[in-house]
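# Survey of secondary and tertiary structure
Listed below are the residues making up each chain.
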Amino acid sequence: MISHLRPALSLVVLFTLLLGFAFPLGFTGLGAIVLPFQANGSLVMRDGKPIGSMLIGQAMTEPQYLHARPSGITGTDPKDPSKTVPTPYDASTSSASNLGPTSKALHDRVAGDVDTLVKAGARAGSIPMDAVTTSGSGLDPDISPAYADLQAARIADARHVPVATIRDLLAANTTGRALGIFGEAHLNVLRVNLALDALPAAAAH
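Below is a summary of the structure that appears in this document. Going along each chain's sequence as written, the residues are numbered from 1 onward. A pLDDT threshold of at least 70 governs which residues receive local features in this predicted model, and a stricter bar of 80 or more applies before side-chain atom pairs are shown or counted, although totals over entire chains, interfaces and linings include all residues. Computation of side-chain values covers all heavy atoms of the structure but excludes hydrogens and water.

Mapped onto the secondary structure, glycine 136 falls in the loop between helix 3 (104–119) and strand 3 (142–143). Along the chain, glycine 136 and isoleucine 73 lie 63 residues apart, while their C-alpha atoms are 9.8 Å from each other. The secondary structure listing takes helices from DSSP runs of H or I that are at least 4 residues long and strands from runs of E that are at least 2 residues long, numbered from the N terminus.

Encoded structure:
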């Protein structure tokens, strides 16, 4: 029996070392050399400190910035003893809300978001879907050009610049479909907000 088990056990050990250690470490090392930015989480640094990742959305609420789509993450801050402080876009609890089309909570939340946008000047029939719906992961860092354009006037007003300046910036930061056919055109919210902060002083006043 040992003569039959020895080859099997040897193969288990061999492929564990090969596929469980050597292969992943090799690809990790190759990725760090060829694509260091992506391999390290696409982190964006400012003054030596990470301010976000191009892969994870952020809950921006200031009027001078582009806002992300709603987050499906409904958890609370573990450091908050009252458990009442929400933590949208918390990557440690990435998940969908699991609310279905018949959910009253989902209906009320979407209706509330639509009402807020209408009060801000949007037309009810022209509100982009990603302005009021969440992504499957709850962490989507991108929004559609339509939702970005919906925010242009608010951003321009907050920054005291012409709306055309903001729309030009949005257009310059719009990524088209991959190879012209895959996916949809989109804007990375963090990238746009960094570009907004980099507007020349003359354009910001």
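In the cavity and pocket records, a cavity denotes points on a 1 Å grid over the protein atoms alone where a 1.4 Å probe fits but cannot get out, a pocket denotes an open set with protein on both sides within 12 Å along at least 5 of 7 lines, and lining residues are residues with an atom within 4 Å of a point. Grid points are joined across faces, edges and corners, and a volume is the space filled by probe spheres set on the points. For the structure on display, the rule yields one cavity of 30 Å³ or more. Taken as a whole, the largest cavity holds about 50 Å³ of empty space. Ser53, Ile56, Gly57, Gln58, Pro141, Asn188, Val189, Leu190 and Asn193 together form the lining of the largest cavity. The dominant element in the lining of the largest cavity, judged by the number of residues it contributes, is helix 7 (residues 189–197), at three residues. Here the residues of the lining of the largest cavity sort into four nonpolar, five polar and no charged. Ten residues, namely Ala, Val, Leu, Ile, Met, Phe, Trp, Tyr, Cys and Pro, are considered nonpolar, four, namely Asp, Glu, Lys and Arg, are considered charged, and the remaining ones, Gly among them, are considered polar.

Let's shift gears to the nonpolar core. With 22 residues, the main nonpolar core has Leu66, Ile166, Leu170, Val192 and Leu196 as its most contacted residues. Taken together, the elements giving at least two residues each to this core come down to helix 4 (145–150), helix 5 (152–159), helix 6 (163–172) and helix 7. For leucine 196, the residues in contact, after removing those within four places along its chain, are Gln64, Tyr65, Leu66, Ile155, Arg159, Ile166 and Leu169. Throughout this description, the term nonpolar core refers to a set of buried Ala, Val, Leu, Ile, Met, Phe, Trp, Tyr and Cys residues connected via side-chain atoms within 4.5 Å. Here's how the labels work: a residue is buried when its accessible area is under 20% of the maximum for its type, exposed when over 50%, partly exposed in between, all with a 1.4 Å probe on protein chains only. Any two residues whose heavy atoms approach within 4.5 Å are treated as being in contact.

To continue, consider the pairing of strand 1 (residues 43–46). Two strands pair if DSSP finds at least two bridges between them. By the bridge criterion, four bridges tie strand 1 to strand 2 (residues 49–53) in an arrangement that is antiparallel. Within strand 2, the residue paired with valine 44 across the bridge is glycine 52. Between strand 1 and the antiparallel strand that follows it, strand 2, lie two residues; aspartate 47 among them carries a positive phi value of about 55°.

Glancing now at the sheet that holds strand 3. Overall, antiparallel pairing links the three strands, which are arranged 3-5-4 in an open sheet. Pairing within the sheet leaves two strands with one partner each, and these edge strands are strand 3 and strand 4 (174–175). Each of strand 3 and strand 5 (186–188) is contacted by helix 7, which is oriented at about 65° to strand 5, the strand it contacts most. Angles here are taken between N-to-C directions and fall from 0 to 180 degrees, while the axes themselves are lines fitted to C-alpha atoms, restricted in helices to the stretch in contact.

These results come straight from atomic positions and should not be treated as a statement about function.
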